[in-house]
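The primary structure of each chain is shown beneath.
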Amino acid sequence: MISVGIHAQPKGYTAVKNLSAFQQSLSQANAGKQTITSDFTQVKNLSLLSDKIKSKGKFYFKKDDKVRIEYTSPYSYLLVMNGGQIMVKDEQKTSKINTKNSKTMQSVNRIMIDCMRGTVLQNPDFKVTAYENAQGYLLSLAPANDAMRKMFKQIDVIMDKKTYDVRKFTMTEQNGDFTYMDFINSKQNAAINDALFKVK
Amino acid sequence: MTRFLKLSSCLLFVVLLGACSPYRHLTFHTDATESAMKYKPVFDKKLYRCVVDGHFLFKKFHLSGLLFFKKLEDKSTRVVFQNEMGFAFFDFEWDKNDSFKVNQIIPQLDKPALVKTLQKDLSIFLFKDLDKSSEVVAEADGNVYNRFSLVKGFAYYISKHNTLQRIENTGKRKRVTTIAMDGKETVSSLPDTVLFNHHRAHFTIQLNKITPHADE
């Protein structure tokens, strides 16, 4: 679902005027992306505590619906999404979650994959407002149902103007705390072994 | 019949033994100079890796995340539990008078019994809302036992060589929770590792300090 003018306009951005042209360019750019590998840094901003919690790791995406998020510092944590299943692994245990039994996990799974493969505008769980500036596009996602509203106040996705690669992914909770992931050293179409997405 | 009676007597003895206080052999006295309040954690902030393990009705559960302790300028204390991806599970607060409130909690954890258990665990661990006038002390086997009366049961702060080793919450008769700790840099610092063991509810909460921790 895409629209203009739902949110207050973010500073430094103007609303995308030609939405259909943007949508078409996004689809074309992502059609050629089979895989994405990237490093990431994650920062959780605890607004009321005026504090931040930082972590970093490696990110992998493989079409159509495989994602691997591997936290390496300061803790070890692995999240693999493959089809309808999610596997999480901490220092002690591996757990498998079938998203078909959880609407919330299904939605979180889908939004991450939609952002990577450029189908975020069709996501039914969010109302998407598109903005742009000289460097990139900003997609502002507002939850469209109660389940998502309980989890998020808003999700913002910043994409590179030329490549449409996701540069930043920000999730804002209802209390104003937000977590952002910065994607750096991104590579497209590098060979990624399917074993990395195995949900055991 | 005689064998049955003997067996019954033995079982009754075992049950009664188990029903007695684990510290019934100690003789407590009042001694203000030996107060456990010197172990009350003084900290700015500390971040832990947190792992919860347990079972309920034959079903095992496992949950991991990050637990963040912070003392604010207004002297309130906040404890925030979030998952690795940054999504907050709960945000608890004790104001400067140790009054407790839940700032935020996800619906899956928002159960009165669970909130009460977590509040009690963290309150005892952080020396919150203790009735200092109820404190009594005993010594045995090289350990010092400082006991505070709670609304229900007691909190025992057990130290050795001027270092807090563990905290035990007991009911009238049995241990309810043991909080074992290690790696305290000073008498009053937060420990580097902590293990909350719930003997009745059958779950553990394990904390390990994360370095480097949260920064501004």
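Conventions we followed
Residues numbered from 1 in each chain as written. Chains lettered and ligands numbered in written order. Predicted model: local features only at pLDDT ≥ 70, side-chain atom pairs only at ≥ 80, totals over all residues. Heavy atoms only, no water. Buried < 20%, exposed > 50% of the residue type's maximum accessible area, 1.4 Å probe, protein only. Helix = DSSP H or I, 4+ residues; strand = E, 2+ residues; numbered from the N terminus. Pairing = 2+ DSSP bridges. Polar contact = N/O pair within 3.5 Å; in protein donor to acceptor, adjacent residues only side chain to side chain. Phe/Tyr/Trp six-rings, centres within 6.5 Å; stacked < 30°, edge-to-face > 60°. Lys NZ or Arg CZ within 6 Å of the ring centre and 35° of its normal. Core = buried A, V, L, I, M, F, W, Y, C linked by side-chain atoms within 4.5 Å. Contact = heavy atoms within 4.5 Å. pLDDT = per-residue confidence, 0-100. Buried area = accessible area lost by both parts, 1.4 Å probe. Salt bridge = Lys/Arg side-chain N within 4 Å of Asp/Glu carboxyl O. Patch = residues over 30% accessible without salt bridge, like charges linked within 9 Å, V, L, I, M, F, W, Y side chains within 5 Å. Areas by Shrake-Rupley, 256 points an atom, 1.4 Å probe, with all protein chains shown as cover.

Enquirer: So what's going on with the pairing of strand E11 (residues 193-198) of chain B? Which residues, and what values?
Expert: All names here are of chain B. Residues Val194, Phe196 and His198 line the buried face of E11, whereas the alternating positions Thr193, Leu195 and Asn197 sit on a face that is not buried. Relative to E11, strand E10 (residues 175-182) runs antiparallel, the two being bridged by 6 bridges. Paired with Thr177 across the bridge in E11 is His198. With antiparallel pairing between neighbouring strands as the criterion, E11 and strand E12 (residues 203-209) make up a hairpin whose turn holds 4 residues, including His202 at a positive phi of roughly 60°.

Enquirer: A description of the side chain of Glu93 of chain B should follow, citing residues and the corresponding values.
Expert: Residue and element names in this part refer to chain B. Mapped onto the secondary structure, Glu93 falls in strand E4 (residues 88-94). A relative accessible area of 13% places Glu93 in the buried class. Polar contacts involving the side chain of Glu93 include one to the side chain of Asn103, which spans 2.9 Å.

Enquirer: Which residues make up the packing of aromatic side chains, and what values do they have?
Expert: Under the counting rule described, the total for this entry stands at 25 aromatic pairs over all chains. Ring geometry for Phe90 of chain B and Phe92 of chain B: centres 4.1 Å apart, planes at 15°, overall stacked. Take Phe90 of chain B and Phe92 of chain B: they sit in the same class, and that class is buried. Three or more aromatic residues link up through ring pairs in this structure, and these residues are Phe81, Phe89, Phe90, Phe92, Trp94 and Phe100 of chain B. Cation over ring: Lys168 of chain A sits above Tyr180 of chain A, and NZ or CZ is 4.2 Å from the ring centre. One residue, Arg147 of chain B, lies across the ring of Phe28 of chain B, its end atom 4.6 Å from the ring centre.

Enquirer: Requested: an account of the nonpolar core, with residues and values cited.
Expert: Counting residues in hydrophobic clusters, the biggest one holds 92 residues, and the most contacted among them are Ile69 and Leu139 of chain A together with Phe69 and Tyr157 of chain B. The residues touching Ile69 of chain A, leaving out its near neighbours within four places in the chain, are Phe40, Lys58, Phe59, Tyr77, Leu78, Leu79, Met112 and Met181 of chain A together with Met85 of chain B.

Enquirer: Go over the confidence of the model for chain B, please, and point to the residues and values.
Expert: Looking at chain B, pLDDT values average 88 and 88% of them are 70 or higher. We note a pTM of 0.85 for the whole complex and an ipTM of 0.82 for its interfaces.

Enquirer: Could you give an account of the interface of chain B and chain A, with specific residues and numbers?
Expert: Across the boundary between the two partners, chain B contributes 28 residues, which contact 29 residues of chain A. Across the interface of chain B and chain A, roughly 2,500 Å² is buried in total on both sides, 57% from carbon and sulfur atoms. Across the chain B-chain A interface, the total number found is 3 salt bridges. If you look at where chain B meets chain A, you find 11 residue pairs in polar contact (both at pLDDT 80 or more).

Enquirer: Can you explain a nonpolar patch on the surface? Please cite residues and give values.
Expert: A cluster of nonpolar side chains, contributed by Phe56, Leu57, Phe58 and Phe61 of chain B, occupies part of the molecular surface with about 560 Å² of accessible area. Under the relative-accessibility criterion, Phe58 of chain B is labelled exposed at 85%.

Enquirer: Any details on unusual backbone geometry? Residues and values, ideally.
Expert: Backbone phi values are negative for most residues with the exception of glycine, while trans is the configuration of most peptide bonds. The amide bond that connects Lys63 of chain A to the next residue, Asp64 of chain A, takes the cis arrangement and shows omega of 0°. As for its placement among the helices and strands, Asp64 of chain A is situated in the loop between strand E4 (51-62) and strand E5 (66-73). Here the amide bond leading from Ser73 of chain A into Pro74 of chain A is cis, since omega sits at 0°, within 30 degrees of zero. Structurally, Pro74 of chain A is set in the loop between E5 and strand E6 (77-82). For Asn189 of chain A, which is not glycine, the phi dihedral falls at a positive 60°. Position of Asn189 of chain A relative to the elements: it lies in the segment after strand E13 (178-188). Phi at His161 of chain B takes a positive value of approximately 50°, unusual for a residue other than glycine. With respect to the helices and strands, the residue His161 of chain B is situated in the loop between strand E8 (154-160) and strand E9 (163-170). Of the residues examined, His161 of chain B reaches a relative accessible area of 72% and is grouped as exposed.

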